[in-house]
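An overview of the molecular structure
One letter stands for each residue in the lines below.
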Amino acid sequence: MKLRKVTAASATVLALALTVTACGGGDGDNESSSGAGGGKDKITIGIKFDQPGLGQKTPQGYEGFDVDVATYVAKKLGYEENQIEWKESKSADRETMLQRGDVDFIAATYSITPERQETVDFAGPYLLAHQDVLLRADDDKIKSPEDLNKAKLCSVTGSTSAQNVKEKLAPKAQLQPYPAYSACLPGLQNGAVDALTTDDSILAGYAAQDQFKGKFKLGGFKLTNENYGIGVKKGSDLKDKINKALEEMVADGSWDKAVKENFGPANYKNEPAPKIGDIKS
Ligand code: GLU
C-alpha cells in the first residue's frame, strides 16, 4: 500500500525555495486556501483520519482509497503530492468546512444526498457503498435489520448512517452518537454497544485491523446505497474539473489499481466504478 507523505525535510526545502523566490519577503507563501487551480502553491483537501482503507493518518503519512482519489484529482488540477495539505473532515463538519473555504474539496466517504446538495456541490460519484452493521464475531442476536430495533447501536453525528437508523432502518434502536466511527470500536468490543453502523467499506477496514482480527463481523445487510462524491463549495467551477479527472481515473486504470491496493487487504468486495452523475437511490 502506498503512503502519502510530506516529510519535514521536503517541507523545509519547499519553504526555503519559496522564501528565495519571494526574495526573503515571505509574504503569504503558506496562505491557504479556497480557489484551487488559481496558480496557488498548495491545495487543501479534507479527508477522514481514522478510517483504514479509505482515509487514515499514519505515522508515515496519509493512505486509503479517498486519499488516492484525492491525490489523482489534485494532480489533474495541477498540484503534486507535496503541494497537498490534508485536513481532517469529521462527518458533522464537512458542509461547514466547504462553506467557510477551510478546504478546496472533500473526499471523505461523503455521500451525495439531496439535503447536502442544498448547501454544497458534489462531483462524482466515484464509489458506491452500502450501509451495514459491524457486530461482535460471536453475536447471535442480530440476524436481520429488524433485530436492530432491540439493539444498542452506535454511529456518528452528521452521518447518513445515524439519520437512516432514526428515520427508517431501526427507529426503535437505542442510538448512541459519537464524533467518529473509530471511537465506537472499544464499546463494541466490550459490549457497551451491540453494533456499529455505517458504510460497509468503512466497517470492512476496521474488521481487518490487526488488533481486531477475528473479533468482529459484518452483517452483510446492504441497508442503503451510499454514493460517494467529492464535495466542493456551492457554485465552484472545480466540480466540472473534478468530474473530468474522475472519468480519467477510471479510464486509465488508476481507479482499479487504487481499489485493489486499498480494499484488497480488508477483502472488501466493492461495486464497479459508477458513471459520473449516476446516483443510485
Ligand atoms: N457515507 C456516509 C455519510 O456521508 C457515512 C460515512 C461518513 O459519515 O463519512 O454520512
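One can find the structure itself at the top, above this paragraph.
Cut-offs applied
- Residues numbered from 1 in each chain as written.
- Predicted model: local features only at pLDDT ≥ 70, side-chain atom pairs only at ≥ 80, totals over all residues.
- Heavy atoms only, no water.
- Disulfide = S-S within 2.5 Å.
- Helix = DSSP H or I, 4+ residues; strand = E, 2+ residues; numbered from the N terminus.
- Buried < 20%, exposed > 50% of the residue type's maximum accessible area, 1.4 Å probe, protein only.
- Core = buried A, V, L, I, M, F, W, Y, C linked by side-chain atoms within 4.5 Å.
- Contact = heavy atoms within 4.5 Å.
- Axes fitted to C-alpha atoms, helices over the stretch in contact; angles between N-to-C directions.
- Left-handed = near helix turned anticlockwise from the far one by under 90°.

1. Overview of the state of the cysteines
Counted according to the given criterion, the structure contains one disulfide. Each sulfur of the disulfide joining Cys154 and Cys184 lies 2.3 Å from the other. Here Cys184 lies in the loop between strand E10 (174-178) and helix H6 (185-190) and Cys154 lies in strand E9 (residues 152-156), a separation of 30 residues in the sequence. Taken individually, Cys154 and Cys184 each receive the classification buried, so the pair is uniform in this respect.

2. Here we look at the nonpolar core
Counting residues in each nonpolar core, the largest one holds 52 residues, and the members touching the most others are Phe65, Phe105, Leu196, Ile230 and Ile242. Looking at which element gives the most residues to this core, the answer is helix H2 (residues 65-76), with seven residues. Those residues in contact with Leu196 that lie beyond four places of it in its chain are Asp132, Val133, Leu134, Cys154, Tyr181, Cys184, Leu185, Leu188, Leu203 and Tyr206. In terms of nonpolar packing, the next biggest core, distinct from the first, is built from 13 residues, Val133, Leu135, Ile142 and Phe221 among them.

3. A closer look at the packing of H2 against helix H8 (residues 238-251)
Direction vectors running N to C along H2 and H8 enclose 115 degrees, while the axes themselves pass 9 Å from each other. Considering only the axes of H2 and H8, their crossing is right-handed. Judged by residue contacts, Asp68, Val69, Tyr72, Val73 and Lys76 of H2 engage Ile242, Ala245, Leu246, Glu248 and Met249 from H8.

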